[in-house]
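Fold and contact review
Residue-level listing of the chains:
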Amino acid sequence: MLWRDALRSDGEHQPVFSPLGEGRYALGLETIYEGYLVHYGSSRLFAPPDADTALLLGDYLYAHGLVRIASFGEVDAVADLSELISLCSQLRAEHAAGDGSLWAATAALLGTGALDEARAALRLRGEAGILDSAARTAAGDESVERALTRHAERFRM
């Protein structure tokens, strides 16, 4: 009842980062992203009535998305998503840029084990360029640019 009451009547689900990666991860990835939007941006589907509901709903969506990804038995993919959530929280706490490139690279390279160096550059030096390059190499410039534009729109509203 609580989540249903928070649903937006005008909500629409336009995939943002899932088109960059494997189709089997799409629903889980977008569910986690929706949790991120509920916490920090403008949700596509929900309008929680207060901060407590937003916190609970965002956490629920994070967990539900992780369960979906974990159902494939890909431990590295779950580890990548845990790193994504952790690093995004750090960036938000520090009011630092780079979350879009982090999301794009994670979606494009989910579970491949190819993100450690790029995440470290963002975490330690605030450099998102390696992540951006990795995403573009894996998924193509046009697809990444589209995802980053859609992502930026969720934070301008």
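Everything numeric in this text was worked out from a predicted model, so none of it was measured. (Residues numbered from 1 in each chain as written. Predicted model: local features only at pLDDT ≥ 70, side-chain atom pairs only at ≥ 80, totals over all residues. Heavy atoms only, no water.)

**Brief notes about the environment of Ala105**
Here Ala105 lies in helix H5 (residues 99-109). Distance from Ala105 to Pro48, taken between C-alpha atoms, is 29 Å for residues 57 residues apart in sequence. The contact partners of Ala105, leaving out residues within four places of it in the chain, are Leu115, Leu131 and Ala135. (Helix = DSSP H or I, 4+ residues; strand = E, 2+ residues; numbered from the N terminus. Contact = heavy atoms within 4.5 Å.)

**Some thoughts on the packing of aromatic side chains**
Counted according to the given criterion, the structure contains eight aromatic pairs. Look at Phe17 and Tyr33: their rings are 5.2 Å apart centre to centre, the planes differ by 85 degrees, and that puts the pair in the edge-to-face class. Taken together, the residues span a long stretch of sequence, with Phe17 in the loop between helix H1 (2-6) and helix H2 (26-40) and Tyr33 in helix H2 at a distance of 16 residues. We classify Phe17 as buried; its relative accessible area is 0%. Its relative accessible area of 1% is what places Tyr33 among the buried residues. Geometrically, the ring pair formed by Tyr36 and Tyr40 is tilted, given 5.1 Å between the ring centres and 55 degrees between the ring planes. One end of the pair, Tyr36, and the other, Tyr40, are both in helix H2, four residues apart, so they sit about a helical turn from each other. Tyr36 gets classed as buried once you look at its relative accessible area, which sits at 0%. For Tyr40, a relative accessible area of 33% gives the class partly exposed. Clustering of aromatic rings is evident, with ring pairs tying together Phe17, Tyr33, Tyr36, Tyr40, Trp103 and Phe155. Above the face of the Phe72 ring, Arg24 is positioned so that its terminal group lies 5.4 Å from the ring centre. (Phe/Tyr/Trp six-rings, centres within 6.5 Å; stacked < 30°, edge-to-face > 60°. Buried < 20%, exposed > 50% of the residue type's maximum accessible area, 1.4 Å probe, protein only. Lys NZ or Arg CZ within 6 Å of the ring centre and 35° of its normal.)

**Comments concerning helix H3 (residues 51-70)**
An ideal rise of 1.5 Å per residue puts 28 Å on 20 residues; H3 measures up with 28 Å between its terminal C-alpha atoms. For H3, the full list of buried residues reads Thr53, Ala54, Leu57, Gly58, Leu61, Tyr62, Gly65 and Ile69. An end-on view of H3 places all buried positions within 165 degrees of arc, on one side of the element. Of the residues in H3, the exposed ones pointing more than 90 degrees away from the buried face are Asp52, Leu56 and Val67. (Expected span 1.5 Å × (residues − 1). Arc of directions from axis to C-beta.)

**Focus: the packing of helix H4 (residues 75-93) against H5**
The contact between H4 and H5 brings their axes to 10 Å, and the two run at 175 degrees. The angle between H4 and H5 falls in the class roughly antiparallel. Each of Asp80, Leu81, Leu84, Leu87, Cys88, Leu91 and Arg92 in H4 lies in contact with H5, whose residues at this interface are Asp99, Leu102, Trp103, Thr106 and Leu109. Broken down by class, the residue content of the contact of H4 with H5 amounts to eight nonpolar, one polar and three charged. (Axes fitted to C-alpha atoms, helices over the stretch in contact; angles between N-to-C directions. Parallel < 35°, antiparallel > 145°, perpendicular 65-115°, else oblique. Nonpolar A, V, L, I, M, F, W, Y, C, P; charged D, E, K, R; others polar.)

**A look at the nonpolar core**
Generally speaking, a soluble globular protein has its nonpolar side chains buried in company with each other. Phe17, Leu20, Leu102 and Trp103 are the most contacted members of the largest nonpolar core, which has 36 residues in total. Contributing elements (two or more residues each) for this core: H2, H3, H4, H5, helix H6 (116-125), helix H7 (129-139) and helix H8 (141-156). Membership of the second largest hydrophobic core comes to five residues, among which are Val38, Ala54, Leu57 and Leu61. (Core = buried A, V, L, I, M, F, W, Y, C linked by side-chain atoms within 4.5 Å.)

**A word on the pattern of salt bridges**
The full count for this structure, using the stated rule, is 13 salt bridges. Between Arg44 and Glu34 there is a salt bridge, with the nearest N and O atoms lying 2.6 Å from each other. Of the two residues, Arg44 sits in the loop between H2 and H3 while Glu34 sits in helix H2, which places them 10 residues apart along the sequence. Under the relative-accessibility criterion, Arg44 is labelled buried at 4%. (Salt bridge = Lys/Arg side-chain N within 4 Å of Asp/Glu carboxyl O.)

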